[in-house]
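Architecture and fold: a report
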Amino acid sequence: MRWSKTLIPTMKEIPADAEVPSHQLMLRAGLIRQLMAGSYTYLPLGWKALRKAEAIVREEMEAAGAIEIHMPALQPIDLFVRTGRREAFGNVLFNWKQRRGNGESHFALGPTHEEVVTDLIAKHVSSYRQLPLNLFQIQTKFRNEERPRFGILRTSEFLMKDAYSFHTSLESLNETYQAMYRAYCRIFARCGLEYLPVEAESGPIGGDASHEFMCPANNGEDRIVHCRATGYAANLERADTGRTPPAIATSADAKPLTKLHTPNVGSIEAVCKFLKCKPEKMVKTLIYSADDKPVAVLIRGDHEANEGKIRRALGIKKLEMATPEVILQVTGAPVGFAGPVGIKCEVIADHDVPLIVNAITGANEGDHHIVNVNVGRDYSLTTTHDLRNAIDGDPSPRGEGTLELVHGIEIGHVFKLGTKYAVSLEASFSDEKEQRHPIIMGCYGIGVNRIIAALAETKNDANGLIWPLAVAPYEVVVIPVQEEQPVLEAAESIYSQLRQAGVDVLLDDRPQRAGVKFKDADLIGFPLRVVIGGKGLQEGLIELKWRTDTAPTKVPVAEAVSSVLKQLAERRVQEAATVPA
RNA sequence: CGGGAUGUAGCUCAGCCUGGCUAGAGCGCCUGGUUUGGGACCAGGAAGUCGCAGGUUCAAAUCCUGUCAUCCCGACCA
């Protein structure tokens, strides 16, 4: 392609609306333009990169045994009603009624396709002989995000690869799950992304039923926990800590219990300010309603409670914050003054709570707190649990090393669904003995746009983007640096030979000064730059420079094309070396 | 949906507080010339319903009310 024949609107200045690096750089490099909040046009360069990522995804899915189909984005709302997801999605589901014939139809735009694909299978698969089956598509998804954000990191319309597998047994599901997991690792590695598979909140099956693939990035929306020593990685919601129950004993330094008047001072923050103390000296007493029974959960003042862990520790299903009436009933005080001393309900505590010597807690009396609260003397615990979110420096659950909290961009998710959709949409199979069973499912998603966004976010320097060869909008840019005949002819010749050799090459044929072309090439981040200039030509040399290198190498004009081909081949081998088997 | 900020040329912004000339600058764009290896220079030029609507006023980019849009924080996110 010739630069003068395509549309590459680069920008010198940073658009005021763009805050995160990927958004700024993709706009400046002329990859995308915004239409409205959460909707972006992919310009030629952005579209090329996206399509290359899409092609890699497709290749690996097919290699892993998935079969491509294409389902409609336009769907009947009825399917979502049947699975209960009309409620679950709420306003996120784009849906509207429209006249059709004499009646009115209620449509939805697909936010994902579990319903459509399960309906398809329900109608066309009835025997165990037809399973397992793994279907995928690469298609635009629509979600009415309450708040689109960060350029193309969170949009209301995005390209998703979604795969759905169907099985007669958990063993078969696990086999496909593993195959998808491996395919995902290969996809992200081939795209040149740093990625971390993390344990995510489990689905209905439990255990290791769900993994998210995260790209560590400062501006990622997700928080993940990672242990470098053991490789343990998990979503913050899910992450265990390696802490163990401490000895529960009253400290020798325990001071006398004292009640203080703290008028209208309810929150941890307010109490700390009022009593001039640190949050880690406080015990947060959260009153929950656990399967409709009140429970007090004790957490250190500076920690965050983790409701999933609380639910598991109590062995219950339904957990919600107690109402003010229930709180008044068990504590005798309004919200904000609960404490473990003399409380009238079951109490469970996080491991760190009994370690606080002379703690500060609510007094179970309006407008009062008590200080110098100590376990054993003032309240009792028989054991403790892991009930809070992990923090930096916690021990790893795998026994060695410490946890580190990092931000990540979610680029993929693999999930064991079980029979949830099969049951509600009546997808079942007959086994060898003519017994009917619901089909067991798995689902596997990749945000294709997010591959590009995550690359832009993490692979850049002060001059611009740095693309890996595999998804770069063009692999090579050829730059004639003067408007002189011999220079232009040499550039044209190298360009057409590279094209014939199958290289994805762009010729910067704009009548611009060298500086402008160099700045643009760096900003866009073409992996390899070929520069043809008057001085060099007189010596019979042209320049090759990788975006990742600081200095160019010079090669004879006659060897220009073969050198480029050789170096590209070498780079491809290098990039391939990072891809797991 | 709660809180905050911003809307003036394709981009970045000034002007607004304290109303008053034909609404400005830099970049980009067009024409001509000089230049030509890291975002050149000179001369000339095109480009704006000052987000939109209403109000106050002799007079509104500027003041008031409403509204729309965008961005950020939070809530939400199968």
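Residues numbered from 1 in each chain as written. Chains lettered and ligands numbered in written order. Predicted model: local features only at pLDDT ≥ 70, side-chain atom pairs only at ≥ 80, totals over all residues. Heavy atoms only, no water.

1. A short note on the protein's contact with RNA strand B
How we decide: Think of it this way: one heavy atom of a residue within 4 Å of a molecule or strand is enough to make that residue near it. Each polar contact in these results corresponds to two N or O atoms within 3.5 Å; when the atoms are within protein, one needs to be able to donate a hydrogen and the other to accept it, and residues that are neighboring in sequence are counted only if both atoms are side-chain atoms. In this text, helices come from DSSP runs of H or I with a minimum length of four residues, and strands from runs of E with a minimum of two, each type numbered from the N-terminal end. Here the nonpolar group is Ala, Val, Leu, Ile, Met, Phe, Trp, Tyr, Cys and Pro; Asp, Glu, Lys and Arg are the charged ones; every other residue, Gly included, is treated as polar.
Around RNA strand B, 34 residues are found, and the nearest of them are Arg-143, Arg-147, Arg-154, Asp-522 and Glu-543. Restricting attention to atoms of RNA strand B within 4 Å of the protein, one finds that 46% of them are sugar or phosphate atoms. Within the side chain of Gln-34, a nitrogen or oxygen atom sits 2.9 Å from a phosphate oxygen of RNA strand B. The contact in question runs from a base nitrogen of RNA strand B to an N or O atom on the side chain of Asp-522, over 2.5 Å. Of all elements in the fold, only strand E1 (32-36), helix H4 (85-89), helix H13 (514-524) and strand E28 (528-532) reach the threshold of two or more residues within the surface near RNA strand B. Across the surface near RNA strand B, the residue classes break down as 13 nonpolar, 4 polar and 17 charged.

2. A short note on the pattern of salt bridges
To keep things clear, this is the line we draw: Only one rule defines a salt bridge in this text: a Lys or Arg side-chain nitrogen within 4 Å of an Asp or Glu carboxyl oxygen.
Across all of its chains, the model carries 36 salt bridges by this definition. When the shortest N-O distance is used, the salt bridge between Arg-149 and Glu-221 registers 3.2 Å. Within this pair, whereas Arg-149 is found in the loop between strand E7 (133-142) and strand E8 (157-167), its partner Glu-221 is found in the loop between strand E10 (210-216) and strand E11 (222-226), the two being separated by 72 residues in sequence.

3. Looking at the packing of aromatic side chains
Put simply, the rule is: Stacked, edge-to-face and tilted labels apply to pairs of Phe, Tyr and Trp rings (six-membered ring for Trp) whose centres lie within 6.5 Å, assigned for plane angles under 30 degrees, over 60, and everything in between, in that order. Three labels apply to residues, based on accessible area from a 1.4 Å probe with only protein chains included: buried if under 20% of the type maximum, exposed if over 50%, partly exposed otherwise in between. Think of it as a cone above the ring: NZ of Lys or CZ of Arg counts as a charge over the ring if it is within 6 Å of the ring centre and within 35 degrees of the ring normal.
Scanning the entire structure with this criterion turns up 11 aromatic pairs. Relative to Phe-89, the ring of Phe-80 has its centre 6.3 Å away and its plane inclined at 75°; by these criteria the two rings are edge-to-face. Both residues of the pair, Phe-80 and Phe-89, belong to the buried class. Here Phe-188 and Phe-213 contribute two aromatic rings whose centre-to-centre distance is 5.6 Å and whose plane-to-plane angle is 45°, an arrangement assigned as tilted. One end of the pair, Phe-188, is in helix H6 (residues 170-190); the other, Phe-213, is in strand E10, and 25 residues separate them in sequence. Like Phe-213, Phe-188 is buried. An aromatic cluster of at least three residues, connected via ring pairs, comprises Tyr-181, Tyr-184, Phe-188, Tyr-195 and Phe-213. It is Lys-416 that lies over the ring of Tyr-177; its NZ or CZ is 4.7 Å from the centre.

4. Some thoughts on the nonpolar core
Heads up, the condition is: Here the nonpolar core consists of buried residues drawn from Ala, Val, Leu, Ile, Met, Phe, Trp, Tyr and Cys, with membership extended through side-chain atoms lying within 4.5 Å. We call two residues contacting when some pair of their heavy atoms lies within 4.5 Å.
The biggest cluster of nonpolar side chains holds 64 residues, and the ones touching the most others in it are Met-61, Tyr-184, Ile-187, Phe-188, Ile-451 and Trp-467. If we ignore the near neighbours within four places in the chain, the residues touching Ile-451 are Ala-53, Val-57, Ile-187, Phe-188, Cys-191, Leu-193, Ile-411 and Ile-446.

5. Topic: the pairing of strand E30 (residues 553-556)
This is how it is decided: In this scheme, strands are said to pair when DSSP sees at least two bridges between them.
Bridge count for strand E29 (residues 541-546) against E30 is 4 bridges, and the pairing is antiparallel. Within E30, the residue paired with Ile-542 across the bridge is Val-555. Taken together, E29 and the strand that follows it, E30, pair antiparallel across an intervening segment of 6 residues.

6. A word on the packing of helix H12 (residues 485-500) against helix H15 (residues 560-576)
Condition: To obtain each axis, a line is fitted to C-alpha atoms, and for helices this fit is confined to the stretch in contact; angles are then taken between N-to-C directions over 0 to 180 degrees. When an angle is under 35 degrees it counts as roughly parallel; over 145 it counts as roughly antiparallel; between 65 and 115 it counts as roughly perpendicular; any other value is oblique. Note: crossing handedness is left-handed where the near helix turns anticlockwise from the far helix by less than a right angle, and right-handed where it turns clockwise.
Orientation of H12 relative to H15, taken along the N-to-C sense of each, is 45°, at an axis distance of 10 Å. In terms of orientation, H12 lies oblique with respect to H15. Between H12 and H15 lies a crossing of right-handed hand. Seen from H12, the contacting residues are Ile-494, Gln-497 and Leu-498; seen from H15, they are Ala-560, Val-561, Val-564 and Leu-565. Its residues placed into classes, the contact of H12 with H15 shows 6 nonpolar, 1 polar and no charged.

7. As for the packing of helix H2 (residues 44-63) against helix H11 (residues 448-458)
Packing of H2 against H11 leaves a shortest axis separation of 9 Å and a crossing angle of 120°. The orientation of H2 with respect to H11, classified from their angle, is oblique. Like other packed secondary-structure pairs, H2 and H11 cross with a definite hand, here right-handed. Where H2 abuts H11, its residues Ala-49, Leu-50, Ala-53, Glu-54 and Val-57 lie against Val-448, Asn-449, Ile-451 and Ile-452. Counted by class, the contact of H2 with H11 contains 7 nonpolar, 1 polar and 1 charged residues.

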